[in-house]
Each structure stands twice: as structure tokens, then as C-alpha cells.
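What follows is the residue order along each chain.
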Amino acid sequence: MKKPKRLRKGDRVAVLSPSWGGPSICPHIYEKGLENLRLFGLQPVEYPTARMAAQELYEYPEIRARDINRAFGDPAVKGIISTIGGSDSVRILKFLDRDLIRKNPKLFMGYSDFTSPSTWVHQTGLVTFNGPAVMAGFSQLQSFTGEYRAYLESYLFDPRETLVLPQFPAYSDGYPPWSDVKNTGLVNPLKPSDGLHFIQGEGIHEGVMFGGCIEVLEMLKGTEYWPAPDFWEGKILFLETSEDKPPVDYIRYWLRNYGVMGVFDRIAGI
């Protein structure tokens, strides 16, 4: 695996929209995210898709892929952060320049529908990052605990060999309506966390982490962008669900499919 260099204060990071054109719908949420990136000491560089109209982005997936290719190819850009998730980034994959991306490792971060390009880029041999997007994460930084903000800064900048994922004391289950400007930067009230729950298994296991949004991964199954059987060997699989909150039965069916494919016979943990 090729690892990108850690970011440094003052680095330029590309901001682009690989999926939904959320900044054109809720610009106040987006602007707050840019503001917080700057407070973190980063210089956001807005690519053409960042503020492009949502309908135009939907109609032209190749434009979204072009921004990603250009950002990877620009030596002045040290990282790439998604504006927001969405639902159709799988349509951009055939336009991504695999060789160009592999030759230019850099921070590539987002979550939710960012899973499509992230997992595909990961399969080229690059370390990719599940982390906050500009509108969903960075925009609400002041609403999260100090422990989370400190962890995120360490995650992005500290030149450490290892980093422990802390157990945060509180969490939020979403955001108040973004249509109301008064909700800019806010999350739903924080709830106390009771920590990690180990469902089954024993002992300590290790491996390379791989995963993302389970609904988005469903869009990749059966395509050329789905991992080969031997890719799963020794992986630590992680999964998130979207705010659509799919029914438990659907998740059970999807996981059963992983089992039929032999994924659970190969991975080191989930």
C-alpha cells in the first residue's frame, strides 16, 4: 500500500463534489465548512464541481471524475476532501485515471457516497481515509466535543507511527434541518456514549481496514469495481449506514451475501 504524506499547516487541499451538489443547495452549510478548514490551518482550493448546480453534476459524471483526476495530478494540492456524500458517485468510476491517481498518493477523504471512489482508489493500492466531509463534519466542528476536535487534528497532522481511536464520551445522531440558516454548524443534541460493544469473537486481531457505507457498497457488487476474492484476505471490514437508516432485515440480507461470497471466511474482523 502507498501512504500519502500527512498534511501540514498551510497545505492546499482540493474541495470537490464527487456525488451530490450539496453546496449549491445549502451554501451556508458549505461556507461554514470552508471556514473551519481554514481555522484548522488548511487552504481549501475549490474545484469547479464544488459549487456546481446539483442537476448539472448529476447529468455529467465525467466532470466530477475530471476534478478528482486534476486534483491528484496537481503537485501543489496535498489532499482532497469531499464536500458531501450523495447517491450516484459509482457513475464516475469509469472516468477516473487509475495510473495518474496511483502515482500521486495524497489524502483522499470523505464518507457516505464517497465510498465508491474511495474503495476503488484503495484497490489501486493507495491508503484512503474515511473521515469528515466539508458540509457533514467540518461544518459542525464547534458542536462536537473537544476530544473529537483534538483527535481530528492529530489524525490529519501529527507525524506519529500509530494513532489510537479514542472512545468519545458523546455522539449525535444527525443534524437539524439545513434549510434553516439558523442551524448552520449545529448537530442534534449530543447523547452520552456507552462505548464499544464486542458482539462475538475473542482475542486480538489485526489487518488492513477496508469498508464504507454499506448501501453504497451494494451498488458495486457485480461490477468490475468490486474487490476480487483474494483482496479480502486478512482485512478488517468496517461498515456504516446512511441517514436513510435501512431496515435491519435489509442489512441482514446484505451481510448474508458477503457470507455466501466467502468474505467472512477471509477477513480478520468486522
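Residues numbered from 1 in each chain as written. Predicted model: local features only at pLDDT ≥ 70, side-chain atom pairs only at ≥ 80, totals over all residues. Heavy atoms only, no water.

Caption draft 1: Highlighting the overall build of the protein chain. Along its length, the protein chain carries ten helices and nine strands. Here the C-alpha radius of gyration of the protein chain, 18 Å, is about what a compact globule of 270 residues would show, namely 18 Å. Oriented by its inertia axes, the alpha-carbon framework of the protein chain measures out at about 45 × 45 × 40 Å. Taking all 270 residues of the protein chain together, the buried fraction comes to 48%. Of the contacts formed within the protein chain by residues at least 6 apart in sequence, a portion of 75% connects residues at least 24 apart. For the protein chain, the accessible surface area stands at approximately 14,200 Å², while carbon and sulfur atoms represent 54% of it. (Helix = DSSP H or I, 4+ residues; strand = E, 2+ residues; numbered from the N terminus. Rg over C-alpha atoms; globule rule 2.2 N^0.38 Å. Buried < 20%, exposed > 50% of the residue type's maximum accessible area, 1.4 Å probe, protein only. Contact = heavy atoms within 4.5 Å. Areas by Shrake-Rupley, 256 points an atom, 1.4 Å probe, with all protein chains shown as cover.)

Caption draft 2: Representation of the pattern of salt bridges within the structure. Tallied over the full model, the rule gives eleven salt bridges. Among the salt bridges present, the one from Arg51 reaches Glu46, with a minimum N-O distance of 2.6 Å. Since its relative accessible area comes to 38%, Arg51 is described here as partly exposed. Looking at Glu46, the relative accessible area reads 36%, which means it is partly exposed. Via salt bridges that share partners, Glu31, Glu46 and Arg51 belong to a single interconnected network. (Salt bridge = Lys/Arg side-chain N within 4 Å of Asp/Glu carboxyl O.)

Caption draft 3: Summary view of the pairing of strand 4 (residues 107–110). Residues Leu107 and Met109 line one face of strand 4 and the alternating positions Phe108 and Gly110 line the opposite face, and both faces are buried. Direction of pairing for strand 3 (residues 77–82) relative to strand 4: parallel, over a ladder of three bridges. Considered in strand 4, the bridge of Ile80 is made with Phe108. Bridge analysis of strand 4 against strand 5 (residues 129–130) gives two bridges, and the strand direction is parallel. For Gly110, the partnering residue across the bridge sits in strand 5 and is Asn130. At this point the chain moves from strand 4, through helix 6 (residues 115–123), to the parallel strand 5, and the crossover so formed is right-handed. (Pairing = 2+ DSSP bridges. Right-handed = clockwise from strand over helix to strand, strands pointing away.)

Caption draft 4: Representation of the state of the cysteines within the structure. For the coordinates displayed, the defined rule picks out zero disulfides. The structure places no disulfide on Cys26, whose sulfur is separated from the nearest cysteine sulfur, that of Cys213, by 19 Å. Since its relative accessible area comes to 1%, Cys213 is described here as buried. (Disulfide = S-S within 2.5 Å.)

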